[in-house]
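# Chains, contacts and geometry: an overview
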Amino acid sequence: MDLSLFPRIALGHFPTPLEPMGNLTALLGGPRLWVKRDDCTGLSSGGNKTRKLEYLMAEAVATRADVVITQGATQSNHARQTAAAAAKLGMKCHILLEDRTGSTDADYTDNGNVLLNRLHGATVERHAGGTNMQQQMEQVAERLRGNGANPYVVPGGGSTPLGALGYVNAAIELVGQAAARGLKIDYLVHATGSAGTQAGLVAGLHGLNSDIQLLGIGTRAPKEKQEAMVYDLACRTAEHLRMRGGVPREMVVANCDYVGPGYGIPTPGMVEAVELLARTEGLLLDPVYSGKGMAGLIDLIRKGRFKTTDNVVFLHTGGSVALFGYGEAFGLKGSQG
Ligand SMILES: *Cc1c(COP(=O)(O)O)cnc(C)c1O
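Below is a summary of the structure that appears in this document. Computed from a prediction, not measured in an experiment: that's the story for all the values here.

## Comments concerning unusual backbone geometry
Between Phe14 and the following residue, Pro15, the backbone shows a cis peptide bond with an omega angle of 0°. Looking at the secondary structure, you find Pro15 in the segment before β1 (18-20). Notably, Ser45 is not glycine yet its phi reads approximately 75°, a positive angle. Position of Ser45 relative to the elements: it lies in the loop between β2 (32-37) and α2 (49-62).

## Structural notes on the packing of helix α10 (residues 268-280) against helix α11 (residues 290-302)
Remark: α10 packs on α11, axes separated minimally by 8 Å, with the N-to-C direction vectors making an angle of 90°. What the angle tells us is that α10 and α11 run roughly perpendicular. Contacts between α10 and α11 pair Gly269, Met270, Glu272, Ala273, Val274, Leu276 and Leu277 from the former with Gly291, Lys292, Met294, Ala295, Ile298 and Arg302 from the latter. A per-class count over the contact of α10 with α11 returns eight nonpolar, two polar and three charged.

## Here's the deal with the sheet that holds strand β8 (residues 213-218)
Taken together, the six strands give an open sheet; going across it, the order is β1-β2-β10-β7-β8-β9, and neighbouring strands pair in mixed fashion. Only two strands of the sheet have a single neighbouring strand rather than two, namely β1 and β9 (254-255). Relative to β9, β8 runs parallel, the two being bridged by two bridges. Pairing of Ile217 across the sheet is with Asn255, part of β9. Packed onto the sheet, helix α7 (residues 161-180) meets β1, β2, β7 (187-192) and β10 (311-316) and runs at close to 130° relative to β2. The sheet strands contacting α11 are β2, β7, β8, β9 and β10, and the helix crosses β10 at an angle near 165°.

## Some words on the environment of Met251
Mapped onto the elements, Met251 comes out in the loop between α9 (223-240) and β9. Sequence-wise, Met251 and Val114 are 137 residues apart; in three dimensions their C-alpha atoms are separated by 36 Å. Contacts of Met251, omitting those with residues within four sequence positions, involve Val202, Leu205, His206 and Leu214.

## A word on the site of the ligand
Near the ligand lie 17 residues; those nearest to it are Lys49, Lys52, Ser194, Thr197 and Thr317. At 2.5 Å from an oxygen atom of the ligand is found a side-chain nitrogen or oxygen belonging to Ser194. At 3.4 Å from an oxygen atom of the ligand is found a main-chain nitrogen or oxygen belonging to Gly196. Taking 370 Å² as the accessible area of the ligand by itself, protein coverage stands at 98%. Most atoms of the ligand, that is more than half of them, are within 2 Å of grid points of the largest pocket.

## Details of the sheet that holds strand β4 (residues 92-99)
Sheets are built from strands paired through backbone hydrogen bonds, the pairs being either parallel or antiparallel. Reading across the sheet, the four strands line up as β5-β4-β3-β6 and stay open at both edges, with parallel pairing between neighbours. Two strands close off the open sheet at either side, each with one partner strand: β5 (123-128) and β6 (151-154). Across the sheet, the mean angle separating the axes of adjacent strands is 20° when strand polarity is ignored. Pairing of β4 with β5, which is carried by six bridges, proceeds in the parallel orientation. Bridge pairing links His94 to Thr123 in β5. Sheet strands in contact with helix α3 (residues 77-88) are β3 (67-73), β4 and β6, and its direction is about 175° off that of β4.

## A word on the packing of α2 against α3
Two numbers describe how α2 lies on α3: the axes approach to 10 Å, and their chain directions differ by 45°. As far as their axial angle goes, α3 and α2 are oblique. Relative to α3, the crossing made by α2 is right-handed. Here α2 contributes Lys49, Thr50, Leu53 and Met57 to the contact with α3, which in turn contributes Asn77, His78, Gln81, Thr82, Ala85 and Ala86. For the contact of α2 with α3, the per-class residue count stands at four nonpolar, five polar and one charged.

The rules behind the values
Residues numbered from 1 in each chain as written. Predicted model: local features only at pLDDT ≥ 70, side-chain atom pairs only at ≥ 80, totals over all residues. Heavy atoms only, no water. Helix = DSSP H or I, 4+ residues; strand = E, 2+ residues; numbered from the N terminus. Axes fitted to C-alpha atoms, helices over the stretch in contact; angles between N-to-C directions. Parallel < 35°, antiparallel > 145°, perpendicular 65-115°, else oblique. Contact = heavy atoms within 4.5 Å. Nonpolar A, V, L, I, M, F, W, Y, C, P; charged D, E, K, R; others polar. Pairing = 2+ DSSP bridges. Near = heavy atom within 4 Å. Polar contact = N/O pair within 3.5 Å; in protein donor to acceptor, adjacent residues only side chain to side chain. Areas by Shrake-Rupley, 256 points an atom, 1.4 Å probe, with all protein chains shown as cover. 1 Å grid on protein atoms, 1.4 Å probe; cavity = no way out; pocket = protein on both sides within 12 Å on 5 of 7 lines; lining within 4 Å. Sits in = over half its atoms within 2 Å of the grid points. Left-handed = near helix turned anticlockwise from the far one by under 90°.

Everything listed here is a matter of coordinates, which is why it stays silent on function.
Here it is, written out as structure tokens:
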């Protein structure tokens, strides 16, 4: 596994801290809970997409792109971090937002990440839920090329073999941090969506021969589809790294029991997890990903899935900016239309 072969542009603050969650551990009566702070990557309030963008934007620069195109849900953290990265590198950014929730709350449609896209100078167009967003991006790219621009398209979530290298790197970083403090990590748990984070971690942990058990908590697709997506991308990431023998299928585990009614739609477990972490650890999760991921972790702990002596690391993938689009879920009076 030699990541030095791949150009990378520094966009974030690394390594991110690995911290104990003593209050939550005590409250739940074990296991020993830790948090890997990828919400603190620095770029435009941080999040997991920064690691992927360090590789993706290096390719954009290498191709002399002058505009970056990407897509996501209305409250996409990926879109916001891409807009910030483009601003930092002197490129334009055009974002396609898909309405995946149908919410008409003005905070959801215009505040949070949407506000930050605007501040970073990105242009935004909106599409109905179910639109073929990749195809729409290619059409925009074609149009811009016709106008003499040189666009670079970042697929949703930055989840390509190149983007996933960011999480191969994160696996190396985390294993090194744990070794330095004499910590044996038993489990690593995180929210999984477009699959790049989990795929990179699978490839990285496998390449390191680590025995950390990785568990993705789904936020959109059912288990079978989510695991197939992660496995496919993990195999392609391993290939990109020229790792021999691919990755074992059994390393890919996603629990998709905590999605609730759908992507980006609040669940009671998410609300409980966000409030609990805010009140016990002073930590801000997000309503779409890390809130549901933590809801899953808390439920599995209550069901006795872990030994009290296990060390369980929750990878905090960021996204708290989206809280400002979800006030209603936390009891704030809605601002319709
Ligand atoms: C995108 C995102 C995820 C999911 O990561 P994938 O690589 O898309 O699976 C998790 N948490 C947050 C906050 C995100 O923005």
